[in-house]
Amino acid sequence: MFSIFFFKELKAALKQPMIYIFLLIVTLLTFAATVSENVTIGGSAGNVLKNAPYIITTFTIILSIFGLFIATAFFNNAALRDYSNNFDQILFSTPLSKFGYFFCRFTGALLLSTIPLLGVFIGIFIGAKLAPIFDWVSADIGLVLFN
Amino acid sequence: MHKLTINNLTKTYPNGVKALDNISIEITNGMFGLLGPNGAGKSSLMRTLATLQEADSGTATLNDIDIFKQPNELRKVLGYLPQEFGVYPRITAEQLLDHLAILKGVTNTKERKELVNYLLDKVNLYEKRNKSVKGFSGGMKQRVGIAQALIGNPKLIIVDEPTAGLDPGERNRFYNLLAEVGQEVIVILSTHIVDDVRELCTKMAIMNLGNIVYQGTPQNAIDDLNGKIYQKMVPREALQNYADNYAVISNKMVGGQPLIHIYSDVHPNEGFEPIAPNLEDVFFSKINIKNVLV
C-alpha cells in the first residue's frame, strides 16, 4: 500500500506546474549568477573559478534557505490536502494505517521539495557551457572551467 | 444476520452542547431510518459510529467488533457517505474509486479494476468514468459517494443526509440503489425528510436534542396515533389562541391559511375533523412535546 501511494503522490505532483516553476526559477538564478558579473549569490566569487566546487557549495547552501519556502509549499499540500478538499471524512473512515498514510505523504513531499534545488546544478552546468561560447564573461576575470 | 448494538452512548462537545445523551439502540439487517430535526445529534451519532470521533462514555459493537476499541476492524466492513464531501481537484471517478479501493485493502490490480468497473456500472456512471468528479452535478457526485461506500462488501453502511440537494428523480434512483444493497447488510440512513423514511425504512428512530424519542417501525408509530389527530383550518390571528387551548403538533400554510394538526384523545369538536395520521404527525408529535407553535 505504501509504495502504491508513494508513486501516486509523486505522479500527481509532477502533473502540476508548481514544481517546474520552482525548478525554472532556481535554474535561472544560478544560470545568471554563473554567466554574469552583475548577479552574485552569497558574495562575489573573487579570484575563484566561477564553477569551482566552493562556489557550487555556496550556491547550494544559499538557495537551500530559499528551498525552505519551497518545501513549505509541498508539505503544506501534503498535510492539508484532505482537509482543504473536504475529503477527510471519507478517507479516515477507511482502514488506512497511520504509518502508511503519514510516511507516504512525508517522504513524497520530502523528495518533491528537493527537486527544485536540482536547478542549482542545472543552472551552473548550462551557464558554464554557454558563457565561453557567447563570451559573456571575459577571460581575465576568469571564467575558467573547472574540469 | 448482522447486529449493531449501541449502549448508553454519551457525547458532550467542549462548548457544552450535549450532542448524544445516553443513547441505546439495537439495529439489525435492513434499512434503518434516523429521523430528526437539524441539530438533533444525528450527524454526531453517525460520525461516532463511523469512528471519526469518540464518545465520552458508552459502547458500540457491530457483531463482535468493539467500535471504539478496534476501529480499524470496523473500518474494514464500513461504508460511509458523509453529509458533505469533496474530492481532490482533477481526479476522475475511476481514479477516485480505484484510490479508495486500495485503501480498503483491494490490492490486486485486476480484481480492483473489475470492482471499480462494476461499481461504476451499478451507479450508472460508466460512461462518465474519465470525467473529473469536481465537474459532476450534485446527483452524480452523490452516486460516486454511494459507489465508494459500497467498496469492499461492507456490513455496515452509513449514509448521512444523502438526498440533500438532489432532484426527485435522482433521489428515487439513489434510494433504489440503496434499497437493493440494504437487504443483506445494515444501512443507517439519517435524514430530516419524513417521506424518505416512510418509503424506505423497515425500522426507524426519531432523535431530538441528543435523545432517542421513538424507536420502532414506521407503521407502529402511525398506528399509535390512529384516531388521535385532528385538523382544522384556522384564521391566522386565532393561532395563538388554539395553541394555548390544544396540543398543537404542527401548523403549516395551506393556500395562505394556517392548517393546524392537534393531538387529542377525545374528539375536540369545535370544527376539528379527524384525519388519518401520517409519519409527519408522528415526527412532530415526538419532537414537539411542549406543543409550542413552530
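Residues numbered from 1 in each chain as written. Chains lettered and ligands numbered in written order. Predicted model: local features only at pLDDT ≥ 70, side-chain atom pairs only at ≥ 80, totals over all residues. Heavy atoms only, no water.

Novice: Help me understand the overall build of chain A, please; the structure alone is not making it clear to me.
Specialist: Per the secondary structure count, chain A includes six helices and zero strands. In chain A, the succession of helices and strands from N to C terminus is α-α-α-α-α-α. In chain A, which comprises 147 residues, the share counted as buried stands at 40%. Put simply, of all contacts in chain A between residues at least 6 apart along the chain, 75% involve residues at least 24 apart. (Helix = DSSP H or I, 4+ residues; strand = E, 2+ residues; numbered from the N terminus. Buried < 20%, exposed > 50% of the residue type's maximum accessible area, 1.4 Å probe, protein only. Contact = heavy atoms within 4.5 Å.)

Novice: Explain the interface of chain A and chain B here, please?
Specialist: One frequent convention defines the size of an interface as the accessible area lost when the parts assemble. Counting from both sides, the interface comprises 19 residues of chain A and, opposite them, 27 residues of chain B. When chain A packs against chain B, close to 2200 Å² is buried across both sides, 62% of that on carbon and sulfur atoms. Three residues stand out in chain A for area buried against chain B, namely Gln89, Ile90 and Pro95 of chain A, and they jointly supply 29% of the buried area on that side. On inspection of chain A and its partner chain B, the count reaches one salt bridge. Linking aspartate 98 of chain B and lysine 8 of chain A is a salt bridge whose minimum nitrogen-to-oxygen distance equals 3.6 Å. Here chain A is connected to chain B by six residue pairs in polar contact (both at pLDDT 80 or more). Elements supplying a minimum of two residues to the side of chain A that touches chain B: helix H1 (2–14), helix H3 (53–84) and helix H4 (88–91) of chain A. Of the residues that constitute the side of chain A that touches chain B, the class distribution is nine nonpolar, six polar and four charged. (Buried area = accessible area lost by both parts, 1.4 Å probe. Salt bridge = Lys/Arg side-chain N within 4 Å of Asp/Glu carboxyl O. Polar contact = N/O pair within 3.5 Å; in protein donor to acceptor, adjacent residues only side chain to side chain. Nonpolar A, V, L, I, M, F, W, Y, C, P; charged D, E, K, R; others polar.)

Novice: What should I look at first to understand the sheet that holds strand S1 (residues 3–12) of chain B in this one?
Specialist: One key point about sheets: their strands pair by backbone hydrogen bonds, in either a parallel or an antiparallel sense. All names here are of chain B. Spatially, four strands are ordered S2-S1-S4-S5 in an open sheet, and the strand pairing comes out antiparallel. One side of each edge strand has no neighbouring strand; the edge strands of this open sheet are strand S2 (18–28) and strand S5 (65–66). Two elements, S1 and S2, share seven bridges in a ladder whose sense is antiparallel. Counted as the bridge partner of leucine 9 is isoleucine 23 from S2. (Pairing = 2+ DSSP bridges.)

Novice: I would appreciate a short explanation of a nonpolar patch on the surface in the present structure.
Specialist: Residue and element names in this part refer to chain A. Taken together, Phe2, Phe99, Phe102, Phe103, Phe106 and Leu110 make up a surface patch of nonpolar side chains, about 590 Å² in accessible area. Residue placement: leucine 110 occurs in helix H5 (residues 98–114). When its relative accessible area of 42% is taken as the criterion, leucine 110 is described as partly exposed. (Patch = residues over 30% accessible without salt bridge, like charges linked within 9 Å, V, L, I, M, F, W, Y side chains within 5 Å. Areas by Shrake-Rupley, 256 points an atom, 1.4 Å probe, with all protein chains shown as cover.)

Novice: Could you clarify how one ought to interpret the confidence of the model for chain A in this entry?
Specialist: Mean pLDDT over chain A: 84, with 90% of residues reaching 70 or higher. For chain A, H1 of chain A is the element with the lowest average pLDDT, namely 84, and helix H2 (residues 18–35) of chain A is the one with the highest, namely 91. (pLDDT = per-residue confidence, 0-100.)

Novice: Hey, could you run me through the packing of aromatic side chains in this one?
Specialist: Each pair of aromatic rings is reported with the distance of its centres and the angle of its planes. Within this structure, the stated rule accounts for 14 aromatic pairs over all chains. Between the aromatic rings of phenylalanine 92 of chain A and tyrosine 101 of chain A, the centroid separation amounts to 5.6 Å while the plane-to-plane angle is 85°, which identifies the pairing as edge-to-face. With relative accessibility at 22%, the residue phenylalanine 92 of chain A sits in the partly exposed group. With relative accessibility at 19%, the residue tyrosine 101 of chain A sits in the buried group. Where tyrosine 242 of chain B meets phenylalanine 272 of chain B, the ring centres are 5.9 Å apart and the plane angle is 80°; that geometry is what we call edge-to-face. Placement of tyrosine 242 of chain B in helix H9 (residues 239–245) and of phenylalanine 272 of chain B in the loop between strand S13 (257–263) and strand S14 (273–274) is noted, with a sequence separation of 30 residues between them. You'll find tyrosine 242 of chain B and phenylalanine 272 of chain B in the same group, each marked buried. Here the aromatic cluster, defined as three or more aromatic residues joined through ring pairs, consists of Phe75, Phe99, Phe102, Phe103 and Phe106 of chain A. (Phe/Tyr/Trp six-rings, centres within 6.5 Å; stacked < 30°, edge-to-face > 60°.)

Novice: Could you clarify how one ought to interpret the packing of helix H5 (residues 138–149) of chain B against helix H6 (residues 168–181) of chain B in this entry?
Specialist: Each packed pair of helices is defined by two parameters, the angle between the axes and the distance between the axes. Residues and elements named next belong to chain B. Two numbers describe how H5 lies on H6: the axes approach to 10 Å, and their chain directions differ by 10°. What the angle tells us is that H5 and H6 run roughly parallel. Along its contact with H5, which presents Gly139, Met140, Gln142, Arg143 and Ile146, the element H6 presents Glu170, Phe174, Leu177 and Leu178. (Axes fitted to C-alpha atoms, helices over the stretch in contact; angles between N-to-C directions. Parallel < 35°, antiparallel > 145°, perpendicular 65-115°, else oblique.)

Novice: Hey, could you run me through the confidence of the model for chain B in this one?
Specialist: Detailed reading of the predicted coordinates is not advisable wherever pLDDT falls low. Residues and elements named next belong to chain B. Overall, the prediction assigns chain B a mean pLDDT of 85, with 98% of residues at 70 or greater. No element of chain B has a lower mean pLDDT than H9, at 80, and none a higher one than strand S6 (residues 78–81), at 91. The complex prediction reports pTM at 0.81, with the ipTM value standing at 0.77.

Novice: Which parts of the structure should I look at to understand the nonpolar core?
Specialist: Counting 63 residues, the largest nonpolar core has Phe87 of chain A together with Leu178 and Ile206 of chain B as the members making the most contacts within it. When residues in this core are grouped by element, the largest group, seven residues, is from helix H3 (residues 93–103) of chain B. Filtering out sequence-adjacent residues up to four positions away, phenylalanine 87 of chain A remains in contact with Asp82 of chain A together with Gly86, Val87, Tyr88, Leu96 and Leu100 of chain B. Counting 28 residues, the second largest nonpolar core, distinct from the first, contains Ala50, Leu62, Ile65 and Leu74 of chain B. (Core = buried A, V, L, I, M, F, W, Y, C linked by side-chain atoms within 4.5 Å.)

Novice: Just checking my understanding: could you explain the pattern of salt bridges for this structure?
Specialist: Pairing is possible between side chains of opposite charge, provided their charged atoms come close. For the structure shown, the criterion picks out 17 salt bridges over all chains. Residue glutamate 161 of chain B pairs with lysine 42 of chain B through a salt bridge whose shortest N-O separation is 3.5 Å. With glutamate 161 of chain B in the loop between strand S7 (156–160) and H6 and lysine 42 of chain B in helix H1 (residues 42–49), this pair connects stretches of sequence that are 119 residues apart. Because the salt bridges share partners, they merge into one network encompassing Glu9, Arg81, Asp82 and Arg105 of chain A.

Novice: Explanation requested: unusual backbone geometry in the structure shown.
Specialist: A negative phi holds for most residues other than glycine; trans holds for most peptide bonds. Residue and element names in this part refer to chain B. Its identity as a non-glycine residue notwithstanding, asparagine 8 has a phi of 45°, on the positive side. Tracing the chain through its elements places asparagine 8 in strand S1. Phi is positive for asparagine 63, which is not a glycine, with a value near 50°. Along the chain, asparagine 63 turns up in the loop between strand S4 (57–62) and S5. Here asparagine 63 falls in the partly exposed class, since its relative accessible area comes to 36%.

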